[in-house]
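Here's the letter readout for the chains.
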Amino acid sequence: MELTLKRTKKRKNYTMGILSIDGIPFCDTLEPTWRDIAPHGNGIKIPGKTAIPEGRYPLYITRSPKFGRWLPLVNHVPGFEGIRIHAGNTVEDTEGCILVGHASPKYRGRLFDSRQWLQRLMERLNARPEGEMMWITVK
């Protein structure tokens, strides 16, 4: 299963995007500020306030000690640990993780119905054939 996160709005205090599953748009996303911290970028990582670098990463469902539930974990992100996909409405609800929900043009930098969209995402991920790898490409 292939997820793609296409960042559509890189703003000073937040980053909005669209999450697709196997090429089909699924929901909106919210992350902290994107800074070009790639090996040749000029950005500086600010812990808890920086979106993960662009790239392709393996995705696993594991139990989150922080949230006490099974959530997607984005692995092998250079310079980051514990990056999850989880529910949240504003950039204050994430420390580098990817939030899912529905964005409204009326309310910038905010997601709605996040818990519902996380539940839908978990249902889709759990419905994949047993043993099928999951990947997320962030661009």
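Structure report, in brief. (Residues numbered from 1 in each chain as written. Predicted model: local features only at pLDDT ≥ 70, side-chain atom pairs only at ≥ 80, totals over all residues. Heavy atoms only, no water.)

1. Quick look at the overall build of the protein chain
Then, number 1: The number of helices and strands found in the protein chain is one helix and nine strands.
Then, number 2: Reading the secondary structure of the protein chain in the N-to-C direction produces β-β-β-β-β-β-β-β-α-β.
Then, number 3: Relative to the 2.2 N^0.38 estimate, which gives 14 Å for 139 residues, the radius of gyration of the protein chain is 14 Å and therefore close to what a compact globule would have.
Then, number 4: With the principal axes as the frame, the protein chain shows a C-alpha extent of 40 × 35 × 30 Å. (Helix = DSSP H or I, 4+ residues; strand = E, 2+ residues; numbered from the N terminus. Rg over C-alpha atoms; globule rule 2.2 N^0.38 Å.)

2. Quick notes on the packing of aromatic side chains
Then, number 1: Applying the stated rule across the entire model yields two aromatic pairs.
Then, number 2: A centroid spacing of 5.5 Å and a plane angle of 90° characterise the contact between phenylalanine 26 and tryptophan 117, whose relative ring orientation is edge-to-face. Taken as a pair, phenylalanine 26 in strand E3 (residues 24–31) and tryptophan 117 in helix H1 (residues 114–126) lie far apart in primary sequence, 91 residues in all.
Then, number 3: Overall, the relative accessible area of 15% leaves phenylalanine 26 in the buried class.
Then, number 4: Geometrically, the ring pair formed by tyrosine 107 and phenylalanine 112 is edge-to-face, given 5.4 Å between the ring centres and 65° between the ring planes.
Then, number 5: When the ring centre of phenylalanine 80 is taken as origin, the NZ or CZ atom of lysine 45, which lies over that ring, is 4.0 Å away.
Then, number 6: Of note, arginine 120 hangs over the ring of tryptophan 117, and the distance from its end group to the ring centre comes to 4.4 Å. (Phe/Tyr/Trp six-rings, centres within 6.5 Å; stacked < 30°, edge-to-face > 60°. Buried < 20%, exposed > 50% of the residue type's maximum accessible area, 1.4 Å probe, protein only. Lys NZ or Arg CZ within 6 Å of the ring centre and 35° of its normal.)

3. Observations regarding the side chain of histidine 86
Then, number 1: Counting through the fold element by element, histidine 86 comes out in strand E6 (residues 83–87).
Then, number 2: Since its relative accessible area comes to 3%, histidine 86 is described here as buried.
Then, number 3: Once residues within four sequence positions are removed from consideration, histidine 86 is found in contact with Phe67, Leu71, Asp93, Cys97, Ile98, Leu99, Val100, Ser114 and Leu118. (Contact = heavy atoms within 4.5 Å.)

4. Let's talk about the nonpolar core
Then, number 1: Membership of the largest hydrophobic core comes to 27 residues, with the highest contact counts inside it found for Leu3, Ile52, Val74, Leu121 and Ile136.
Then, number 2: A per-element tally of this core places H1 first, with five residues.
Then, number 3: Once you skip the residues sitting within four places of it in the chain, leucine 3 turns out to touch Leu19, Ser20, Ile21, Leu59, Leu121, Leu125, Trp135, Ile136 and Thr137.
Then, number 4: In terms of nonpolar packing, the next biggest core, distinct from the first, is built from six residues, Tyr14, Met16, Leu99 and Leu111 among them. (Core = buried A, V, L, I, M, F, W, Y, C linked by side-chain atoms within 4.5 Å.)

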